[in-house]
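Working through the structure, step by step
This is what each chain is made of:
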Amino acid sequence: MAMGLLLPAITEGQPEFDFEQVKQKHKNAYAVYLNYAEHLNIDFVDGKIQLLTLNESDLLFLDAQAMAMANKSLFYTETFGNIYDIKAITYVPDGKRFKKNTVTEINERKPVSSGSFYDDTREKYFIFKSVQPGAVASLSYTEIMTEPRFTGMFYFNNYVPKIGR
């Protein structure tokens, strides 16, 4: 049974794809990114440089082993930035349509550091609900950095294949 998918609510211009075809093409992958992007805006606020990064990703779960990827952590430092406007939604297959399951509980904590120096790293974490093969975890959030020297990292390649933009 081929499952076609068009999710315009996730990202603009989301391409249509066939779940079985994607699964067949990426036999060794647990999941694939349909979209994985960062949009950086550099601005001056009160005479200082400020970086705003909009992060977007749509992750298609291909099999049950991908369930471990339902846990998500976002890290930042209190001194030089913050993360806000987190939108996390799981689109769960429901016949030929998808059921939208919005993450409502986002927690925050100070991760335990093994170093001997003070560390002001903070973590916002949550779990995508109802994750199953064929589900799509859609995430967007904004990161603000007030110190451009400590801007985050973007990996052009990671262990999860990317098939979209």
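The sections below set out a description of the structure shown in this document.

Conventions and cut-offs
- Residue positions are given per chain, counted from 1 along the sequence in the order it is written.
- Residue-level local features of this predicted model are given only where pLDDT is at least 70; pairs of side-chain atoms are given and counted only at 80 or more, and the full residue set underlies all totals for whole chains, interfaces and linings.
- By convention in this description, side-chain values take in all heavy atoms of the structure and omit both hydrogens and water.
- We define a salt bridge as a side-chain nitrogen of Lys or Arg found within 4 Å of a carboxyl oxygen belonging to Asp or Glu.
- Here the term buried applies to any residue with accessible area under 20% of the maximum for its type, exposed to any over 50%, and partly exposed to those in between, with areas from a 1.4 Å probe on protein chains only.
- In this text, helices come from DSSP runs of H or I with a minimum length of four residues, and strands from runs of E with a minimum of two, each type numbered from the N-terminal end.
- Grouping into patches uses exposed residues only, defined as over 30% relative accessible area, and leaves out salt-bridged ones; the cut-off is 9 Å for like charges and 5 Å for nonpolar side chains (Val, Leu, Ile, Met, Phe, Trp, Tyr).
- Each accessible area is a Shrake-Rupley result for a 1.4 Å probe, and residues are judged covered by the shown protein chains and nothing else.

1. A short note on the pattern of salt bridges
Within this structure, the stated rule accounts for 4 salt bridges. Put simply, Lys87 and Asp85 hold a salt bridge, and the shortest N to O gap is 2.9 Å. Judged by relative accessible area, which is 43%, Lys87 ranks as partly exposed. Salt-bridge contacts for Arg109 lead to Glu123; the nearest nitrogen and oxygen are separated by 2.8 Å. With a gap of 14 residues between them, Arg109 in strand E8 (residues 107-109) and Glu123 in strand E9 (residues 121-127) connect regions that are remote in the sequence. Since its relative accessible area comes to 37%, Arg109 is described here as partly exposed. Each of Glu78, Glu108 and Arg122 takes part in salt bridges that share partners, so that together they form one network.

2. Some details on a nonpolar patch on the surface
On the surface, Leu40, Ile42, Phe44 and Ile49 cluster together to form a nonpolar patch covering roughly 420 Å² of accessible area. No other element matches the 3 residues that strand E3 (residues 31-45) contributes to the nonpolar patch. With respect to the helices and strands, the residue Ile49 is situated in strand E4 (residues 48-61). Given the relative accessible area of 33%, Ile49 is considered partly exposed.

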